[in-house]
Every structure is written in C-alpha cells, then in structure tokens.
Amino acid sequence: MTSRLLQRSLGSPDYDGIRQALRDDTSTPVISVRGLEVRVSVLPLFTHDGRQAVRVSSTQPLTHTLVDADSASGSDVTLLVPEVDAPRELTLECRDDAGVVGSAQVTVTPQRKWSVFVVHHSHLDIGYTDPQGTVLRHHLDYLDAALRLAEETSSWPDDAKFRWSVESSMPALKWLDARPPEMVEAFAARAREGVIEVTALPFQLHTEACSTEELHRQLRFTSRLKDRYGFATTSAMHTDVPGAVVGLVDALSAHGVRYLAAAHNWAGRSVPYLHGGDKLTRPFRWRAPSGNEVIVWFTDTPHGMAYMEGNTVGLTDSFELADDLLPRYLSALATRGYPYGPGTFGWQGPDAPKEPYELDVLHLRVQGAHADNAGPSIVPASIARRWNEQWAYPRLRSAANKDFFEHVEEHYLDRLSVHEGDWTDWWADGLGSGARPLGYVRRAQSALRVAETLHTLAGEDATEQIDAAYDKVALFNEHTWGAANPWEDAEEAGDSGGLQWTRKSSGAYQAQDDASDLLHAATRRFAAALTGGGDERGTGGALAAFAVFNPGTRARTDVVRAFLPRDVVGVDVPIALVDARTGRTLPHHEELVDPVDWPTRPIGRHVHAVVEDIPGYGYARLDVVPGQTQAPEPVELGLDGVIENEFYRVAYDVREGYVSSIFDKRAGRELVNGEAAAGFGQYVYDQYATAPHFNHMSGHVGAHDRTLLGDRAIGRNAVITKVQRTAVGEKLVVELRAKGVDWLRTTIELHDGVPRVDLTYQLAKQGTPSKEAVFLAFPFAAGQATAWELTGGVGGPDVSRVPGSAEYMLPIRHWIAFEDSELTIAWATLEAPLVQLGTIHMPYAPFPPTLDQEDGTVYSWALNNIWDTNFPAQQQGETTFRYAVTSESGTEGRRLGAAVASGLTEPFVGALIDDGPAATETYVSVDHPDVLVTSLGRSGDERVVRLQSLAAEPVEATVTLPGLRSARGLDVVDESVKVRLPACGVAVVWGTCA
C-alpha cells in the first residue's frame with residue numbers, strides 16, 4: 001500500500017501512465033451507454049493473407065462484430081477486415097447476453113506498412129547506477145552474453161536473430177584485450193557478419209567540454225578495429241545527452257562514420273520543443289560548415305524518454321504488451337504527432353504540437369531492462385520472431401544500428417531535411433557543478449597540445465603518452481558526473497555518490513598532472529635538442545640562456561615566466577636578460593624561491609620578462625648575462641585602484657566592488673558599460689528556493705518568473721591589498737567578502753607592450769547542498785556579440801543551429817567577440833566555459849530571464865549545483881578562474897578572439913638551455929590569418945601539422961615547414977604546401993623533413 005501511495009504521489013509519469021495515455025490517445029470512443037464505454041482503434045497491422053486490423057476495447061466483456069467482416073468476444077479484441085486503399089465505412093455491433101448494447105459506424109482507413117528496426121543496446125553510464133569499475137565489468141559481461149545469444153539464435157529467421165549494438169565502444173575495446181583469442185575471433189566474426197556492431201564513440205560525451213583535437217583522438221580506434229579485426233565502424237550512437245557540438249560531424253566524418261543515432265533525454269531540464277525542436281524532422285542530415293554531414297536519427301519520444309522508446313512500447317516485456325502498444329505508437333506517429341506539454345517527462349508547460357512522422361521506417365531502441373546499464377535480453381528478438389510469424393506488417397527486424405541507416409540512405413536520402421550548425425546541449429549547465437576539476441581538464445587540453453609540439457621538435461614521438469592523457473581528459477568529459485543520488489556515500493549502487501565523484505574528479509586531476517608531466521619533459525627535451533645547435537651566445541659571456549617558445553600560430557609579444565635554478569646561476573648574482581636577436585637588454589622581474597620559505601621546492605628565481613614579436617611556433621633566445629645590479633624590487637603604487645600600460649588604463653571602484661573603467665588609449669574609447677545592471681568583473685551569487693537531495697527535482701520544477709530566485713547577492717567590502725609596478729607591468733589585487741564564499745580575490749594585470757587585460761578570480765568556499773550559482777559579470781560598451789568559439793566551429797547570432805538547441809546559455813571553448821565599425825572587443829576564458837549573454841536566466845525550465853537584456857554583457861557562469869542527480873550535489877575548495885580582454889580597431893572578431901585566447905591557453909614556454917642555438921627559429925608557419933596550427937606531432941619519420949580554420953568559407957593556406965621534402969598527397973614547393981580547408985574545418989599535413 002505504501003509503495004503504491006508513493007508511486008502515485010511522486011515522480012515522473014511511470015510506464016503505466018504513459019502507456020495508458022497512448023491507448024487513450026489512439027482510440028476513439030464510439031459507444032457510451034449506462035457506464036459502458038467502447039473504443040475503437042484502426043491500426044497499421046496487416047496479416048500475411050492481406051487483412052488489416054481494427055482493435056476494439058470495452059469496459060466489460062462483449063461480443064464485438066464488424067458486420068460482414070469479423071467478430072470476437074472479450075474486453076480487448078482484434079478484428080480483421082480486408083485491406084482497404086480508401087476509407088471504408090463498417091458497422092460495429094456490440095452485444096452482451098441480453099442482446100445488442102449499441103452500434104456505431106467505424107471508418108477503416110488505409111494504413112502504412114511499417115518497417116521497424118529494433119536496435120538492442122545498453123546505455124553506458126560509467127557510474128550513476130554503480131561505481132565506475134563495477135559498471136564497466138558488467139558491460140564486459142554483457143558482451144559475453146551477447147556472443148552467446150548471437151550463437152543461440154543463429155538458426156532463427158534473419159529478421160529475428162539476436163543482434164547487439166555496442167553503444168559505446170570502450171567496453172568492447174576492453175573486452176577484446178581481456179578475452180582469450182578464440183572468443184575474440186568469434187566476436188570479430190559476428191562483427192564482420194553485422195550481428196554485433198561496435199559503434200564509434202568510446203563513451204557518451206559532453207562534447208562541448210571536449211577540445212577539437214580531443215574529439216578526433218577519441219575516434220582513433222576505428223582504424224585499429226578495421227586493421228586488426230576486419231570490421232569497419234560506420235555508425236555512432238549518442239545517448240542521453242541532449243545535444244552535441246558541430247565539431248562532432250567533422251570528427252565522425254574524418255573517421256569514416258556516416259551515421260549517428262541520437263537519443264536525447266530531456267529529464268525535465270530540456271525544452272527543445274519551445275525553441276524550434278518541434279520542427280526538427282527525423283531522420284535528417286546534419287551538416288557542418290565544412291560541408292561534411294552525417295545522417296541522424298533523432299529518437300524523439302512522446303515523453304522525452306530517449307533510449308527507453310522501445311521499452312515504453314513493450315519490446316522488452318512480452319509479445320502481448322508489444323502487440324498492444326507498438327501499433328498504437330506507430331499510428332500516433334503517422335497521424336497526429338505527439339504534443340510536448342503536460343505529458344512530457346518531468347515538465348509541466350505549454351503544448352507545442354509536432355507534425356506527424358512522414359516515413360514508414362522507424363529506428364526503435366530497446367534495452368534489456370527498464371534501466372541504464374541494462375544487459376542484453378533474448379526477449380526483443382523473441383518478440384520479433386513471433387511478431388513476424390503473426391503479422392506481415394509492421395515488419396520487425398532485430399537490427400544493428402547501421403542497418404537502419406543503410407536502409408534510409410538507400411531509399412530516402414533525397415527526402416531528408418538538412419540542418420546545419422551546433423546542436424547546443426541542454427545539459428551543459430551541469431559542467432559548472434565540477435568547476436575545479438573542469439578547470440584542471442581545460443588547462444590539460446591546452447598543455448597537451450604544447451607538450452606534443454615540443455616533443456616533436458625535440459625529435460621524440462610522444463603520441464602514445466599524449467593519447468593516453470587525452471583519454472583521461474575525455475573520461476572526465478564523459479556524461480556521467482555522479483551517482484543517481486550523488487549526495488549519498490554508499491559503497492554500491494546509485495547511492496555511491498562519494499565514491500563515484502572521488503574517482504571522477506581524481507581522473508581530472510590526474511589528467512592535468514599527466515599533461516604537466518608531459519609538458520615538463522617536453523620542455524627539457526626541446527632544450528636538450530637545441531644545445532650546440534647554432535651561433536655563439538651573446539657577447540660578454542652568458543651565464544645561461546632561455547629559448548622562449550611561442551606555441552601560438554601568430555607572432556606575438558607577451559610575458560614569459562621561466563625558472564633559473566640556483567645551481568645554474570646563484571641567486572645572489574645580478575643578471576640581465578638580452579634578446580639575442582637584437583642585443584637589447586629586456587627589463588625583467590624576479591621572484592626568489594627562498595629556501596627558508598620553500599625548502600621543499602627547487603631553489604632559484606622565477607624570471608618574468610616581456611619578449612617582443614616571438615614568431616608563432618618558433619622561439620627567440622634570451623641570454624642571461626651578468627648584470628650591474630639586482631633586478632629592481634616592485635614599486636608599491638597608490639591605493640586609488642588605477643593601473644595602466646601603454647594600451648589600457650584600468651580603474652577599480654572599491655566602494656562598489658568591480659572594475660569601473662577599462663579605457664582603450666589607442667582607440668580613445670571606454671570598454672566598460674557603466675550603465676549596466678552589473679559592474680565589470682562583479683561577483684554575483686544566486687540562491688534558489690528549491691530543495692536539495694531530491695532525485696530529478698529540477699525536472700519537476702517550472703520557473704516562469706523570478707519566484708524561485710530566493711536570493712541574489714554581490715561581492716562587497718572590497719579592500720585593495722596590493723598595487724604594484726614591476727619591471728614588466730602593473731598589478732592590482734583586491735579582496736572581497738561575499739555570500740557563498742569564504743574569500744574572494746581578484747587580480748588584474750597589465751604587462752608592458754602587451755595589449756591585453758588579464759583578470760584572475762580565486763575563491764574558496766565550503767560545500768553546501770543548497771541550490772546556488774556563481775556568475776562573474778563582464779558588461780562591455782558594445783552591441784550584440786558577433787562570434788564565439790565552439791568545439792570545431794564558430795557560433796554567432798546569424799550562424800545556423802540545429803532546431804531545438806539550447807538558447808539560454810552557451811558552452812564555448814575560449815572566446816567571444818564584439819564588433820562595430822570602430823572597434824572590435826574580444827573576451828576570453830580559460831577554466832569556465834559556460835556563459836549567458838545579456839542576462840542571467842533562471843536555471844529551471846523554461847529558463848526565463850531575471851534581468852533586462854543588455855546585449856554587450858557576458859555573464860560567466862562559473863559554478864553551480866543546480867542538478868539533483870548525475871552531477872555533484874555540492875562543491876567546495878579553492879578554485880581559480882582566468883579571463884582576458886583585448887580590443888583593436890579594424891580587426892575581424894574571430895581573429896582577435898583567437899589572439900586574446902592564445903594569451904591564456906598558449907602561454908610562452910621558457911626552456912633553459914645549456915648552449916647557444918640560433919637567436920630565433922620558426923618551425924612551421926601558415927599564411928592565412930584565419931587558419932591556426934593547433935599542434936605538431938610525429939608519426940614515424942613524418943611530421944604531422946594539424947590545422948583548424950576559423951573562416952566561414954573555404955580557404956587555401958600555404959603551410960611552410962623548414963626542411964620539408966615531401967608531403968602526402970601534396971606538392972612541395974620551397975618547403976611549402978598549399979592546403980585547402982573547408983569552412984570552420986580541420987586539415988592535417990603529413991610531411992617528411994630533412
């Protein structure tokens with residue numbers, strides 16, 4: 001009794017409720033008398049002898065007769081009539097023992113003859129239902145079972161044979177490495193036959209958390225499967241996560257994957273049907289700006305239950321239930337579409353009707369049980385076998401994922417709609433629930449590109465180690481960030497939140513450590529490779545030297561921070577830094593690592609200097625020579641809150657707790673909108689009036705105004721703790737008090753000769769289950785943002801997006817640009833990818849704004865704990881967020897965005913060298929201003945140059961590598977090759993150098 005009471009009182013619509021709604025919506029009441037009701041459904045069911053079905057249900061057993069056609073007795077009966085090709089009127093008579101209860105006219109209409117591809121898989125949550133290791137071991141067991149079931153049904157009719165689609169390939173790769181050779185060969189044989197299919201994505205990713213290189217590397221195993229086991233990977237499955245980045249299309253295409261089955265779980269937080277999603281046809285062709293495209297099947301269930309579609313209509317339960325529900329579901333899809341409204345899983349809101357489904361072929365996912373991480377079952381195949389014996393149509397085929405797409409491609413390709421652009425993920429807000437480890441992962445993504453490049457230049461092939469580190473990064477970006485009940489700390493099942501998050505977050509920290517280790521080693525190897533490689537050191541006898549490497553594509557002036565150990569040059573020895581290219585002495589600042597303060601760290605001095613015009617993917621040599629005096633100590637400036645360099649004057653308003661002015665001296669223009677609702681760099685803390693520790697609470701809450709905004713606070717009581725002038729620039733440090741944090745520190749830096757404002761926010765907080773969010777506001781005196789960086793693309797207000805994409809937030813990579821006729825402004829972020837443009841929205845569907853729209857304002861959504869399941873319920877500790885701002889007249893926004901982000905993501909590397917190489921050297925260059933070199937790699941004797949275009953149209957670029965002798969498929973002229981890149985696309989040059 002108690003469990004029934006709870007089930008009826010709480011939770012989302014259950015299967016019984018959904019199924020009854022389906023029955024009611026697909027039947028028509030034709031007789032109602034004395035409390036008795038008779039309903040009729042004309043369904044797309046055809047027998048092998050050419051008859052079609054009419055289902056009749058009554059609230060008590062009756063004899064139901066379609067006059068001159070068929071008769072049967074019971075409460076739910078199927079009557080058969082000759083197939084019609086035009087509407088036909090028949091009379092239905094219903095009798096009980098006393099005689100005719102009633103009669104009605106029934107119109108029998110022509111029905112579609114459906115082909116239903118039943119795709120059996122298990123949705124991989126690495127965690128959620130159990131600790132991660134337990135889940136993965138279970139999935140390996142599932143592959144054992146799948147192999148057995150394939151053998152057991154090998155003699156069945158082809159359409160009924162058990163087939164299994166490995167939704168996420170990671171378990172298959174682990175399985176192939178862990179099973180004896182005879183089992184591996186049996187598996188490979190079944191895969192070659194198409195009975196078992198390994199799909200392309202290793203696990204289900206929050207793709208917007210991935211870098212472009214990371215996405216491509218996660219598909220590298222597809223060639224291994226083909227080369228080692230003889231089967232190709234042509235399809236992918238993207239499950240649960242309601243959205244994916246546009247770069248996924250290019251990544252899949254680059255690895256020969258043509259098909260994508262997407263199953264979006266709305267979970268009450270996603271309202272795509274209010275943002276054009278009701279117009280998203282299926283299947284469709286998803287096209288990237290590059291012109292690459294994949295055919296997408298979008299599992300758009302009537303209740304937003306994604307990959308549970310087949311389970312909903314009984315295909316994992318019994319033939320009888322499927323026989324009842326599946327024809328009704330097909331009828332509804334063909335005739336009325338499904339409204340997205342009060343019946344939608346977890347959402348109570350306005351209806352948004354969808355047009356009926358057009359085709360007579362359906363991709364229908366099924367799992368072995370009504371749960372994530374469910375194992376394989378013989379039931380779906382058994383149902384298909386019995387079904388096809390009883391019914392001619394719908395025809396059920398137990399299918400691999402690719403089978404459906406090959407059928408669609410052959411028969412319907414020209415009828416499919418084309419949709420372009422990003423498919424913005426509705427769950428991306430969850431990334432803010434793990435802000436600290438996410439920041440570490442994003443730093444690792446940048447460090448790995450530089451580490452691979454420096455290893456390559458040192459003549460080392462670090463591909464294996466780099467790939468392994470990227471795999472750890474991607475595992476953190478996998479979509480399961482916590483247990484079903486993440487606030488619990490049990491040892492198993494869905495309450496193992498503490499264990500799951502410990503492993504998840506430790507993977508992020510390990511990935512960052514691995515990236516740092518690789519960069520550390522690469523820097524030393526690069527330095528060693530330069531030793532003895534060039535001219536003499538600067539005159540006067542250098543004490544040491546640094547090769548300052550610029551890992552960005554464009555030449556730039558920026559600050560380098562390098563360590564000079566005590567055992568190389570004593571800390572009491574005055575030094576000067578000389579640019580070996582010009583002989584000019586550079587001002588520098590020193591920070592001593594004192595053995596009294598830091599006995600556990602290498603002793604020496606950190607040397608800071610601004611180095612001008614270092615070529616992209618090249619270095620400049622700085623000689624360390626004896627100095628006349630020790631480097632000057634920092635000069636303490638006044639506490640008026642103003643710092644400046646030759647490009648900007650920045651003023652901080654202590655009373656208000658934000659930056660009041662960033663004045664561009666070159667343009668003579670103020671960058672800050674002083675009339676905005678929030679101050680520039682202002683800390684904004686929101687608390688919400690929703691209860692914690694309720695699974696899927698956010699999916700049961702509708703926010704149509706600011707009622708659920710329990711409190712909003714800002715940083716106050718600002719105190720300037722440091723204003724300094726050093727030899728390389730000026731710095732201002734402010735500490736504030738604020739709700740939600742133990743302390744908050746803002747650091748603003750301007751470096752001499754560098755046209756960029758650097759802002760660092762450090763905060764420390766205690767964990768709280770109360771629903772909260774932290775925003776940092778950046779109101780620019782500008783109009784609407786014109787462009788922003790996405791994974792594998794560039795977004796903008798006029799750039800196409802897939803209908804139904806999330807609109808209230810943006811998960812960007814690193815930069816946003818604002819352009820007008822006089823000035824371009826660019827803003828960049830390192831650790832925090834989530835932004836809201838112009839306002840702060842309520843974090844509950846349908847996400848209404850809480851402030852009037854201000855087009856020039858960027859709200860960085862630094863952290864939150866809005867989710868009640870799957871993401872951490874709270875977060876704590878010290879966390880750092882870094883941002884940068886620049887401005888320039890006459891510069892295209894995409895280019896300036898990439899430039900300002902480079903200062904955050906590609907800092908100069910100072911490699912301590914033992915001998916004097918050439919004063920400068922460039923290792924690769926590209927002549928097109930919209931084409932970036934993302935990294936250099938090695939493959940045997942070849943050098944690999946990875947390129948990405950920011951341009952909205954195809955471009956041709958000349959890539960130059962000193963010593964280039966040959967390149968795959970390209971003509972080499974004067975150590976250069978011409979490369980065509982598609983719009984916002986990628987390309988790779990494989991070259992052999994002397």
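Cut-off values and rules
Residues numbered from 1 in each chain as written. Predicted model: local features only at pLDDT ≥ 70, side-chain atom pairs only at ≥ 80, totals over all residues. Heavy atoms only, no water. Patch = residues over 30% accessible without salt bridge, like charges linked within 9 Å, V, L, I, M, F, W, Y side chains within 5 Å. Areas by Shrake-Rupley, 256 points an atom, 1.4 Å probe, with all protein chains shown as cover. Salt bridge = Lys/Arg side-chain N within 4 Å of Asp/Glu carboxyl O. Lys, Arg positive; Asp, Glu negative; His and termini not counted. Charge placed at Lys NZ, Arg CZ, Asp CG, Glu CD. Helix = DSSP H or I, 4+ residues; strand = E, 2+ residues; numbered from the N terminus. Buried < 20%, exposed > 50% of the residue type's maximum accessible area, 1.4 Å probe, protein only. Contact = heavy atoms within 4.5 Å. Pairing = 2+ DSSP bridges. Phe/Tyr/Trp six-rings, centres within 6.5 Å; stacked < 30°, edge-to-face > 60°. Lys NZ or Arg CZ within 6 Å of the ring centre and 35° of its normal. Arc of directions from axis to C-beta. Axes fitted to C-alpha atoms, helices over the stretch in contact; angles between N-to-C directions. Parallel < 35°, antiparallel > 145°, perpendicular 65-115°, else oblique. Left-handed = near helix turned anticlockwise from the far one by under 90°. Nonpolar A, V, L, I, M, F, W, Y, C, P; charged D, E, K, R; others polar. Core = buried A, V, L, I, M, F, W, Y, C linked by side-chain atoms within 4.5 Å.

## A look at a negative patch on the surface
A surface patch of like charges, here negative, comprises Glu488, Asp489, Glu491, Glu492 and Asp495. If you trace the backbone, Glu491 turns up in the loop between helix H14 (463-477) and helix H15 (497-530).

## With respect to the side chain of Arg282
Following the sequence through the fold, Arg282 ends up in the loop between strand S11 (259-264) and strand S12 (284-287). Look at Arg282: it is buried, it has no salt bridge, and the nearest opposite charge is Glu309 at 4.0 Å. Excluding residues that lie within four positions of it along the chain, Arg282 makes contacts with Trp297, Phe298, Thr299, Asp300, Glu309, Tyr329, Leu333, Tyr357 and Leu362.

## What about the sheet that holds strand S49 (residues 955-960)?
Read across the open sheet, the 3 strands follow the order S46-S49-S51; overall the sheet is antiparallel. Since the sheet does not close on itself, it has two edges, and those belong to strand S46 (925-926) and strand S51 (976-981), each with one partner. Here S49 runs beside S51; their pairing, made up of 6 bridges, is antiparallel. Within S51, the position partnered with Val959 by the bridge is Val977.

## Some details on the packing of aromatic side chains
One pass over the full model with this rule turns up 41 aromatic pairs. A ring pair is formed by Tyr229 and Phe231, whose centres lie 6.4 Å apart and whose planes are at 25°; its orientation type is stacked. Each member of the pair, Tyr229 as well as Phe231, carries the same accessibility label: buried. Taking 5.2 Å as the distance between ring centres and 10° as the angle between the ring planes, the aromatic pair formed by Tyr259 and Phe405 counts as stacked. Placement of Tyr259 in strand S11 and of Phe405 in helix H12 (residues 401-412) is noted, with a sequence separation of 146 residues between them. These aromatic residues form a ring-pair network of at least three members: Trp114, Phe117, Tyr259, Trp297, Tyr357, Phe404 and Phe405. Between the NZ or CZ atom of Arg282 and the centre of the ring of Tyr357, over which it lies, the distance is 5.5 Å.

## Some points on helix H7 (residues 221-229)
Looking at H7, one finds that the buried residues are Phe221, Thr222, Leu225 and Tyr229. Burial along H7 is one-sided: seen end-on, the buried residues are contained in an arc of 115°. Residues Lys226 and Asp227 are exposed on H7 and point more than 90 degrees away from its buried face. On its buried face, H7 is in contact with helix H4 (169-178), helix H5 (181-193) and strand S9 (196-198). Gly230 lies just past H7 and shows a positive phi near 85°.

## With respect to the packing of helix H13 (residues 435-457) against H15
Running from N to C, H13 and H15 point in directions that differ by 25°, and their axes come no closer than 8 Å. Between H13 and H15, the angle falls in the class roughly parallel. Seen from above, H13 lies across H15 with left-handed handedness. Looking at the contact of H13 with H15 residue by residue, the classes come out as 21 nonpolar, 4 polar and 2 charged.

## Some details on the nonpolar core
Proteins that are soluble and globular tend to have nonpolar side chains buried together. If you look at the biggest cluster of nonpolar residues, it comprises 54 residues, and the most contacted ones within it are Leu448, Tyr688, Phe775, Tyr844 and Trp861. The set of elements that each furnish at least two residues to this core consists of H13, H14, H15, strand S29 (682-688), strand S35 (772-779) and strand S42 (857-864). Broken down by element, the residue count for this core peaks at 6 residues, all from H13. With residues near it in sequence (within four places) discarded, Phe775 still touches Gln682, Tyr683, Val684, Asp686, Tyr688, Gln836, Ile840, Tyr859, Ser860 and Trp861. Counting residues in each nonpolar core, the second largest holds 50 residues, with Ala738, Trp788, Ile812 and Ala832 among its members.

## Examining unusual backbone geometry
Of note, the amide linkage connecting Tyr393 to Pro394 takes the cis form, showing an omega dihedral of -5°. Checked against the element boundaries, Pro394 lands in the loop between helix H11 (379-390) and strand S15 (395-399). Cis rather than trans, the peptide bond between Ala845 and Pro846 has omega equal to 0°. Position of Pro846 among the secondary structure elements: in the loop between strand S41 (834-837) and S42. The residue Asn870 is not glycine, and still its phi comes out positive at about 75°. Mapped onto the elements of the fold, Asn870 is located in the loop between S42 and strand S43 (877-888). Overall, Asn870 belongs to the buried group, its relative accessible area being 6%. Here Cys984, not a glycine, exhibits a phi torsion of approximately 50°, which is positive. If you trace the backbone, Cys984 turns up in the loop between S51 and strand S52 (986-993).

## Notes on the sheet that holds strand S21 (residues 588-593)
The sheet built from 3 strands is open, its strands ordered S18-S22-S21 with antiparallel pairing. Edge strands, defined here as strands with exactly one partner in the open sheet, are strand S18 (556-565) and S21. On average, adjacent strands in this sheet sit at an angle of 25° to one another, irrespective of strand direction.

## Structural notes on the pairing of strand S1 (residues 28-33)
Bridge count for S1 against strand S2 (residues 36-46) is 5 bridges, and the pairing is antiparallel. Looking at S2, one finds that Ser32 is bridged to Glu37. Linkage of S1 to S2, two consecutive antiparallel strands, is achieved through a turn of 2 residues, within which Arg34 is found at a positive phi near 50°.

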